[in-house]
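Secondary and tertiary structure notes
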Amino acid sequence: MMPDTAGLAARTLTPDAPADAPPVLLVHGFGSDGTVDWMDTGLAAALTATGRTVIVPDLRGHGASPVPTSAAEVTAPALAADLVAVMDQAGAATFDIVGYSLGARVAWEIPAAAPGRVERSVLGGLAPGEPFTAVDIDALHRAVSDGTECEDPFTAAIAGMVKAHGDRAAGLALCVEGLRSVPFAGGPWNAKALPVFIVGENDDLTRGIDGLAESIGGARLVTVPGAHHEVLAGTHFRDTVLDVLAR
C-alpha cells in the first residue's frame, strides 16, 4: 500500500472495464485494516469486477498508516478528514462509501466533511451510541504502557484487544481516547441519498440502530446472519453492498 498526501496508506484497485460510476471508498473497523476487512473478504475484488474503482485506506493508527501522536488526530471528525484527503488525492469529485463498525462511525462524518460529494453509502455494524465512552481511558493507557491490569471488565477487554497489536498498541489506545472524546450522537445525514444500514442478527453492539435509521428519514435497514465479527465475511453482506451500489 502506498502513502498518499494525507499520510495514510491506501490501495487503489482499478477495473479492466470501468463502469460509469464513482469510485468506492472502503473504511475498515477498529483494530483491523483495509486488507483484512476488504481484500481478504473478497468485497474489494467483487466491486472491482463490476467496473468500480475501489480505494482501500488504512485509518490512522491502523495497518500500514502512521501511528497518531495525540488523541486529537484520531477523533471521528479527524479520521474523516484524513479520508476526504485520500479521495481528494484520488481526484474523486464524488464517491460511494462502505464502512464497517468504526468504519461506519467515521463514514457518518464524511458528508459534513465533503459536502455534496457522497452519493450512496452502506454502513455496517454501526453502534447507535459510542461504546468507547465506557472505557476507563487512564486504565487503558496504563495497561498498554506497563501491563497494569484493568479492574473494569470492559476496559480489560479493550486493553486485551489493543495489546494484541504489539508495537501498534499505544496508537490504538490513543484512537480509543480520541473516539470517546467526540462520541457518536447521530444527527442529520447530509449526503445525496440515505445510507443503508446492515446489521448482524446476533450483533448486540447494533441494538437500537432502527431508531437511528428512523431519525434520519427512514433509512433502509438490512439484517443478515452473524454476530459483529462474522458479518463481513458473509455473502449476505457482500450481496447487499453490491445491490445498493449498483448503477
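In the block above lies the structure referred to throughout.
Structure report, in brief. (Residues numbered from 1 in each chain as written. Predicted model: local features only at pLDDT ≥ 70, side-chain atom pairs only at ≥ 80, totals over all residues. Heavy atoms only, no water.)

So, about the overall build of the protein chain. Looking only at helices and strands, one finds nine helices and eight strands in the protein chain. Taking 18 Å as the expected radius of gyration for a compact globule of 247 residues, we find that the protein chain reaches 17 Å, a close match to that expectation. If you line up the protein chain on its principal axes, its C-alpha atoms span 55 × 40 × 30 Å. Each of the 247 residues in the protein chain was classed as buried or not, and the buried ones make up 52%. Of the contacts formed within the protein chain by residues at least 6 apart in sequence, a portion of 73% connects residues at least 24 apart. On the protein chain, roughly 10200 Å² of surface is accessible, and the fraction owed to carbon and sulfur atoms is 52%. (Helix = DSSP H or I, 4+ residues; strand = E, 2+ residues; numbered from the N terminus. Rg over C-alpha atoms; globule rule 2.2 N^0.38 Å. Buried < 20%, exposed > 50% of the residue type's maximum accessible area, 1.4 Å probe, protein only. Contact = heavy atoms within 4.5 Å. Areas by Shrake-Rupley, 256 points an atom, 1.4 Å probe, with all protein chains shown as cover.)

Proteins that are soluble and globular tend to have nonpolar side chains buried together. Grouped together as the largest cluster of nonpolar side chains are 54 residues, with contacts concentrated most on F95, W108, I110, L126 and F197. Ranked by residues supplied to this core, first place goes to helix α3 (residues 76-89) with seven residues. If we ignore the near neighbours within four places in the chain, the residues touching I110 are L25, A80, L83, V84, F95, I97 and V118. Core analysis: the next-biggest nonpolar cluster, separate from the first, contains 22 residues, L13, W38, V56 and Y100 among them. (Core = buried A, V, L, I, M, F, W, Y, C linked by side-chain atoms within 4.5 Å.)

A few words now on unusual backbone geometry. Of note, the phi angle at S101 is positive, near 60 degrees, even though the residue is not glycine. When you line up the elements, S101 lands in the loop between β5 (95-100) and α4 (102-113). On the basis of relative accessible area, S101 is assigned to the buried category, the value being 17%.

Of the two faces of strand β8 (residues 221-224), only the one carrying V222 and V224 is buried; L221 and T223 on the other face are not. In this sheet, β8 lies alongside strand β7 (residues 196-200) in parallel orientation, the contact comprising four bridges. The residue bridging I198 from the neighbouring strand is V222, located in β8. In this fold, the crossover linking β7 to β8 by way of helix α8 (residues 209-215) has right-handed handedness. (Pairing = 2+ DSSP bridges. Right-handed = clockwise from strand over helix to strand, strands pointing away.)

For an α-helix the count is 3.6 residues per turn, leaving residues at separations of three or four pointing the same way. Taking 1.5 Å as the rise per residue, helix α7 (residues 169-181) with 13 residues should run 18 Å; its terminal C-alpha atoms sit 19 Å apart, in good agreement. For α7, every residue scored as buried is listed here: A169, G171, L172, A173, L174, C175, V176, G178 and L179. Where α7 is buried, its residues meet α3, α4, α5 (137-146) and α6 (153-163). (Expected span 1.5 Å × (residues − 1).)

A surface patch of negative charge is lined by D136, D138, E151 and D152. Of note, E151 is situated in the loop between α5 and α6. (Patch = residues over 30% accessible without salt bridge, like charges linked within 9 Å, V, L, I, M, F, W, Y side chains within 5 Å. Salt bridge = Lys/Arg side-chain N within 4 Å of Asp/Glu carboxyl O. Lys, Arg positive; Asp, Glu negative; His and termini not counted. Charge placed at Lys NZ, Arg CZ, Asp CG, Glu CD.)

Attention now moves to the packing of aromatic side chains. One pass over the full model with this rule turns up six aromatic pairs. With 5.2 Å between their ring centres and 65 degrees between their planes, F30 and F132 make a pair best called edge-to-face. Taken together, the residues F30 in the loop between β3 (24-27) and α1 (34-39) and F132 in the loop between β6 (118-124) and α5 connect sequence positions 102 residues apart. For F132, a relative accessible area of 10% translates into the label buried. Following the ring pairs from residue to residue traces out a cluster consisting of W108, F184, W189 and F197. (Phe/Tyr/Trp six-rings, centres within 6.5 Å; stacked < 30°, edge-to-face > 60°.)

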